[in-house]
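Chains, contacts and geometry: an overview
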Amino acid sequence: MVVTLSSAASAPSVATIAAAIEHQRQFFATGQTRSLPDRRQQLLKLQAAIDRQGETLIQAVSQDLGKPYFEACISEISAIRMDLAHTLKNLKTWAKPKPAAPTLAQFPAQAWIQPEPLGVVLIIGPWNYPLSLVLQPLIGAIAAGNCAILKPSEIAPASSAAIAALIQETFDPGWVTVMEGGVETSQALLAHPFDHLFFTGGTAVGKVVMAAAAAHLTPVTLELGGKSPCIVEKDVDLEIAARRITWGKFFNAGQTCIAPDYLLVQEEIAEPLKQRIVAMIQQFYGDNPQVSPDYGRIVSDRHFQRLQKLLKGGRILAGGQSDADDRYIAPTVMDGVTWADEIMQEEIFGPILPILTYSKLEEAIAQVNAHPKPLALYFFGRNFQQQQQVLHQTSSGGVCLNDTIVHLGTPELPFGGVGPSGIGAYHGKASFDTFSHNKSVLRRFFDLEPPLRYAPYSNLKLRLLKFFLS
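Calculation criteria
- Residues numbered from 1 in each chain as written.
- Predicted model: local features only at pLDDT ≥ 70, side-chain atom pairs only at ≥ 80, totals over all residues.
- Heavy atoms only, no water.
- Pairing = 2+ DSSP bridges.
- Helix = DSSP H or I, 4+ residues; strand = E, 2+ residues; numbered from the N terminus.
- Axes fitted to C-alpha atoms, helices over the stretch in contact; angles between N-to-C directions.
- Disulfide = S-S within 2.5 Å.
- Buried < 20%, exposed > 50% of the residue type's maximum accessible area, 1.4 Å probe, protein only.
- Salt bridge = Lys/Arg side-chain N within 4 Å of Asp/Glu carboxyl O.
- Polar contact = N/O pair within 3.5 Å; in protein donor to acceptor, adjacent residues only side chain to side chain.
- Expected span 1.5 Å × (residues − 1).
- Arc of directions from axis to C-beta.
- Contact = heavy atoms within 4.5 Å.
- Core = buried A, V, L, I, M, F, W, Y, C linked by side-chain atoms within 4.5 Å.
- Right-handed = clockwise from strand over helix to strand, strands pointing away.

**Things to note about the sheet that holds strand S2 (residues 109–117)**
- In space, the 3 strands of this open sheet follow the order S1-S2-S20, with antiparallel pairing throughout. In this open sheet, the two edge strands, each paired with only one partner strand, are strand S1 (98–100) and strand S20 (436–444). Averaged over all neighbouring strand pairs, the angle between strand axes comes to 30°, with direction disregarded.
- When S1 meets S2, the two strands line up antiparallel, connected through 3 bridges. Counted as the bridge partner of proline 99 is tryptophan 112 from S2.

This is the structure we're talking about:
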């Protein structure tokens, strides 16, 4: 299966970008985005557009990544629809002012926290889930009452073009607009001060984005990645564990920021688990995954070459085949790797699964903690005390017990990293909060005016004030 990519869109000029940002600032100043009914209307328009253009969007993702239809449906279209439905259901509640209790010294008074939109925000999306990882943050931005500029990834050009067409036919450009192009477009956008910057991508580019944002004191949300570990204890159901690990690792050909990056397996079950994972690959994708309609492709020649280099370390138990013309790398399982090998030095972000072993759970936890905090951590084990031990003795953006990647699909669970794996979170209410400023408000009344705080001061006033504030 050879993936044919459309040509990338021409980059907008610096003047075009500046004009688009200024247009959105003027639009935001009209106050239209602050109206809750108008926000709902925009979300409903997006919902209708996704329903109408769903098949076209899936075709674009397939063209860019060779993503199987089933995977594109559940991870792109269904994910967006679910987030939209959840937001529309709860938006009125999220947007309500939240009461707060004033102190006795402020009596008579009323206090509350009032969410308000930030203004004009920039959303820079990645290539691995080129639809959902652009449009899901947009849902939160619109729900919170912002204007948004979207920058899809040029590495997924068909998806970028599909997003641009969908946004153009759905929204007033004052509310939402798309800027296609490559690095030069991103650089031109980052030269401007935004009210919030939302970036999904790799850690190296995340550092560049954060540095550019710092020049304008622009707050950022960075959804990055890292080497997400998967620890497997000896009391698991090996068949089910192997099935869930294999699915999570090779979904989207491993190009998932929360895919299990490597396995840490209790040594007593290492061999039978390896055998079952190899068997699952054959069960999922057949004797030749290259001809399977259910297995994707590497997104670009550059990423293909990077992954090929990682195949040279350790011992290949299954897979290892590749085809540069097709950008195909077989689902690959490796053992005999060490922490010194190149494959353990960076996030794999591809269909290669290295397996390491440990004797005691404390050893596995120590190995995880010796490395940067990951975006996700997976633990397979029945023992409740061991589950709690992993939860309390490790740090990661999120944890999934006895499964992989499915925690991403719960709108009420905030999704985000910690430390090197990211800053901030989104999904559901977390998206609304990310794109909102929670303004603190105190209102006092004229009914009572105690002289306690006013000069001339006295020891009695001081004692009374301490009493009221204690």
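**Describing the state of the cysteines**
- Using the criterion set out here, one finds 0 disulfides in the structure.
- Take cysteine 230: it sits in no disulfide, and the sulfur closest to it among the cysteines is that of cysteine 400, at 9.3 Å.
- Residue class for cysteine 230 comes out buried when judged on its relative accessible area of 0%.

**So, the pattern of salt bridges**
- Scanning all chains against the criterion turns up 15 salt bridges.
- Arginine 306 is the partner of glutamate 346 in a salt bridge, and the nearest nitrogen-oxygen pair spans 3.3 Å. Here glutamate 346 is found in the loop between strand S13 (332–335) and strand S14 (352–358), whereas its partner arginine 306 is found in helix H10 (residues 301–310), with 40 residues between them in sequence.
- The class of glutamate 346 is partly exposed, set by a relative accessible area of 29%.

**Details of the side chain of glutamate 116**
- Note on placement: glutamate 116 falls in strand S2.
- At 2.8 Å, the side chain of glutamate 116 and the side chain of lysine 439 are in polar contact.

**What about helix H1 (residues 14–29)?**
- The terminal C-alpha atoms of H1, which comprises 16 residues, lie 23 Å apart, in line with the 22 Å expected from a rise of 1.5 Å per residue.
- Among all positions of H1, only Ile17, Ala20, Ile21, Gln24, Phe27 and Phe28 are buried. Axial view of H1: buried residues confined to an arc of 120°, hence all on one face. Relative to its buried face, H1 has exposed residues pointing more than 90 degrees away, namely Val14, Ala15 and Ala29.

**Observations regarding the sheet that holds strand S7 (residues 220–223)**
- As summarised here, the arrangement of the 6 strands in space is S5-S4-S3-S6-S7-S18, forming an open sheet in which the pairing is mixed. The sheet terminates laterally at strand S5 (176–178) and strand S18 (422–423), the two strands that pair on one side only.
- As paired elements, strand S4 (residues 147–151) and S5 share 3 bridges and run parallel to each other. Pairing of leucine 150 across the sheet is with valine 178, part of S5.
- Lying on the sheet, H1 is in contact with strand S3 (120–124), S4 and S5; it crosses S4 at an angle near 155°.
- On the sheet, helix H5 (residues 157–170) packs against S4 and S5 and is oriented at approximately 150° with respect to S5.

**Some thoughts on helix H4 (residues 132–143)**
- If you check H4, its first and last C-alpha atoms are 16 Å apart, about what 12 residues at 1.5 Å a residue would give, namely 16 Å.
- Of all 12 residues in H4, 12 are buried, a share of seventy percent or more.
- Those residues of H4 that sit buried are Ser132, Leu133, Val134, Leu135, Gln136, Pro137, Leu138, Ile139, Gly140, Ala141, Ile142 and Ala143.
- Within two residues after H4, glycine 145 carries a phi angle of roughly 95°, on the positive side.

**A word on the environment of alanine 253**
- Inspection of the secondary structure assignment puts alanine 253 in the loop between helix H8 (238–250) and strand S9 (262–266).
- Through-space distance from the C-alpha of alanine 253 to that of aspartate 294 is 9.7 Å; in sequence the pair is 41 residues apart.
- Excluding its chain neighbours within four sequence positions, the residues that come into contact with alanine 253 are Tyr295, Gly296, Arg297, Ile298, Gly350 and Pro351.

**Some points on the nonpolar core**
- Ranked by internal contacts, the top residues of the largest apolar core, which has 130 residues, are Leu138, Leu150, Ile167, Leu197, Val232, Leu263 and Ile277.
- The dominant element in this core, judged by the number of residues it contributes, is helix H2 (residues 36–65), at 9 residues.
- When residues no more than four places from it in sequence are discounted, the contact partners of leucine 263 are Cys230, Ile245, Leu273, Ile277, Leu353, Pro354, Ile355 and Leu356.

**Quick look at the environment of tyrosine 358**
- Relative to the helices and strands, tyrosine 358 resides in strand S14.
- The exposure class assigned to tyrosine 358 is buried, which follows from its relative accessible area of 1%.
- In contact with tyrosine 358, other than residues within four places in its own chain, are Ile231, Val232, Glu233, Leu264, Val265, Gln266, Glu267, Glu363, Ala364 and Gln367.

**Focus on the pairing of S3**
- By the criterion of burial, S3 is predominantly enclosed, with 5 of the 5 residues buried.
- Both faces of S3 are covered, namely the face carrying Val120, Leu122 and Ile124 and the face carrying Val121 and Ile123.
- Pairing analysis gives 5 bridges linking S3 to S4, with the strands arranged parallel. The residue bridging leucine 122 from the neighbouring strand is isoleucine 149, located in S4.
- The parallel pair S3 and S4, bridged by H4, forms a crossover whose chirality is right-handed.
- As judged from the 4 bridges shared by S3 and strand S6 (residues 196–200), these two strands associate in the parallel manner. Looking across to S6, one finds that valine 121 is bridged to histidine 196.

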